[in-house]
Amino acid sequence: MQYKLFAPCPDELTDLLGAEIAAIGGTNVTTGYCVVYFEADEEVYYKAHLCLRLAGRICRVLKEIPAQSPRIIFDKARRIRYDNLFSPDLPISIQVASGQRSGKVETHLIGSKLREAINDCFEHHKNVKPNQSSYKAPIGINGFYQKDRLMVSVDTSNESLHRRGYRVEGHPAPLKETLAAACLAVCEYDGSIPFYDPMCGSGTIVVEAAQVAVNQAPLIHREKGGFGFEYLADFNASLWQSVRTKARSAERPMQSTIFASDISPDFLSLARQTATNAGLESNIQFSTQDFFKSEKPAESGLLIANIPYGVRMDEKEIGEEYLVEMGEMFKNKYKGWRCAILAPSDSPLKAIRLKPQKKVQFLNGTVPVKLLVFDIF
Ligand SMILES: C[S@@+](CC[C@H](N)C(=O)[O-])C[C@H]1O[C@@H](n2cnc3c(N)ncnc32)[C@H](O)[C@@H]1O
């Protein structure tokens, strides 16, 4: 069985995600705007859901159909055999997005034509009306409308893949796990050198770093029933179990040290709990401290600081002074380190007075942020 799949991600990450996909055995990997397309055999299909750190979702292509009018959409979409794919009892959600140069049909109309087509398929082949609810739907049917064509797919991840299953709620500005993984990937972190997050908050970056360091699959903690593919008729439970077992046995001992600190003891205990949930607490050294009054924890390594956001935290806007101080810390105390900061794009980043080796723009929720990477000599 060969699946045609695609994984959406921020546009800046398509090459890195493409490389991740190729590394786990995905084939015919190509990139588009905010998406990576690939093919996978059944084992790689399951492995992709378990092991990709940068993918937001994974969707399985059912069919690409012509979509010049609502009538054509209904007529072509009703021929897809949804009745062979999932049970009529399951709630189904339908999402339609359009790309550049989409076409004349409104996306909400495409959505209702897809719903009608699914109903028609079940009524015609099974003589039943499928569940009309979309509440907590385990089946997600997606339409991507571009150039008068509609790619119909099923979302096999169900919940977004940034929801790893280890998070502890309570921090006002937690980073998305996939964004934390992206920062580590941009900084080329492979677990072989010391890693330090001096403003760790709820611990997302250090836990993602520890997962890389011990080669823990990022979605290993997601509970049974959490993936969309588990609700499809062709779900191969024994192969999925064997993919999980292989991933567990590929874990390795830490080769270096990970340090996490925060000025707030409350946030530090959240970070500890997060790491415990991920089974990685013993791999991270935690301390409560003010970064600006601290010493470097190792001779060299990688530091990533997701500095506080004025718009999202009950704190002051990041001013120039704060960034000047940050730059001074890096220059004076972090020689031999690669230091990166993730900050809102509109903060006065020049005040850090260092020339970044890399600059990448992301969205953290709705906030545009920049990752600046400095090699300190
Ligand atoms: C944007 S949050 C980090 C969120 C984190 N990446 C997460 O996923 O939860 C910034 C953190 O910096 C901490 N912080 C602010 N000033 C600090 C300082 N001078 N030293 C250490 N931590 C500081 C705050 O307590 C806050 O938890």
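Conventions used here
- Residues numbered from 1 in each chain as written.
- Predicted model: local features only at pLDDT ≥ 70, side-chain atom pairs only at ≥ 80, totals over all residues.
- Helix = DSSP H or I, 4+ residues; strand = E, 2+ residues; numbered from the N terminus.
- Buried ≥ 20, exposed ≤ 12 C-beta atoms within 10 Å, placed from the backbone.
- Contact = placed C-beta atoms within 7 Å.
- Domains from an automatic or database assignment.
- Pairing = 2+ DSSP bridges.
- Axes fitted to C-alpha atoms, helices over the stretch in contact; angles between N-to-C directions.
- Core = buried A, V, L, I, M, F, W, Y, C linked by C-beta atoms within 7 Å.
- Near = placed C-beta within 6 Å.
- Nonpolar A, V, L, I, M, F, W, Y, C, P; charged D, E, K, R; others polar.
- Expected span 1.5 Å × (residues − 1).
- Arc of directions from axis to C-beta.

(A) Region of the structure containing the environment of Pro198. Mapped onto the elements, Pro198 comes out in the loop between β8 (195–197) and α6 (204–214). For Pro198, a count of 25 C-beta atoms within 10 Å corresponds to the buried category. Sequence-wise, Pro198 and Thr288 are 90 residues apart; in three dimensions their C-alpha atoms are separated by 9.3 Å. Setting aside its immediate chain neighbours within four residues, Pro198 contacts Ser261, Phe291, Ser294, Leu303 and Ala305.

(B) Representation of the domain arrangement of the protein chain in the model. Annotation of the protein chain at the domain level lists domain 1 (2–155) and domain 2 (177–215 + 253–375). Between the C-alpha centres of domain 1 and domain 2 the distance comes to 35 Å. Domain 1 puts seven residues into the contact, and the matching count from domain 2 is eight residues.

(C) Examining the sheet that holds strand β6 (residues 139–146) more closely. Taken in spatial order, the seven strands make up an open sheet running β2-β3-β1-β4-β7-β6-β5, and their pairing is mixed. Unpaired on one side and paired on the other, β2 (27–32) and β5 (92–98) mark the two borders of the sheet. Taking the axes of each pair of neighbouring strands and ignoring which way they run, one obtains an average angle of 30 degrees across the sheet. Where strand β1 (residues 2–8) lies against strand β4 (residues 59–66), two bridges are found, and the strand directions are antiparallel. Counterpart to Phe6 in the pairing with β4 is Cys59. The sheet strands contacting helix α3 (residues 70–77) are β4 and β7 (149–155), and the helix crosses β4 at an angle near 125 degrees. The strands that helix α4 (residues 107–126) touches are β5, β6 and β7; relative to β5, the one it contacts most, it runs at about 145 degrees.

(D) The arrangement of the nonpolar core in detail. Grouped together as the largest cluster of nonpolar side chains are 102 residues, with contacts concentrated most on Ala7, Cys183 and Val206. Examining the composition of this core, we find that seven residues originate from one element, helix α5 (residues 177–186), more than from any other. Counting the residues that make up this core, at least three belong to each of domain 1 (2–155) and domain 2 (177–215 + 253–375). Once residues lying within four places of it in the same chain are set aside, the contact partners of Cys183 are Ile205, Ile304, Ala340, Leu342 and Leu371.

(E) Structural detail: the site of the ligand. Residues in close proximity to the ligand total 20 residues, the closest being Met199, Gly201, Ser202, Thr204 and Phe291. Of the residues belonging to the shell around the ligand, the class tally is twelve nonpolar, six polar and two charged.

(F) Examining the environment of Phe330 more closely. When you line up the elements, Phe330 lands in helix α9 (residues 320–333). When the C-alpha atoms of Phe330 and Phe377 are compared, they prove to be 9.8 Å apart, with 47 residues separating the residues in sequence. Residue contacts for Phe330: discarding those within four places in its chain leaves Cys339, Leu354, Phe374 and Ile376.

(G) Layout of helix α2 (residues 42–51). The buried fraction of α2 is high, at seven of ten residues. Inspection of α2 places Val44, Tyr45, Tyr46, Lys47, Ala48, His49 and Cys51 among the buried residues, and these make up the whole buried set. Packed against the buried residues of α2 are β1, α1 (14–23), β3 (35–41) and α7 (237–249).

(H) Local environment of α4. The end-to-end C-alpha separation of α4 is 28 Å, in line with the 28 Å expected for 20 residues at 1.5 Å each. Looking only at α4, the buried set comprises Ile110, Lys113, Leu114, Ala117, Ile118 and Cys121. One side of α4 carries all its buried residues, which in axial view fall inside an arc of 140 degrees. Residues of α4 that are buried sit in contact with α3, β5, β6 and β7. Residue Asn127 follows α4 closely and has a positive phi angle near 60 degrees.

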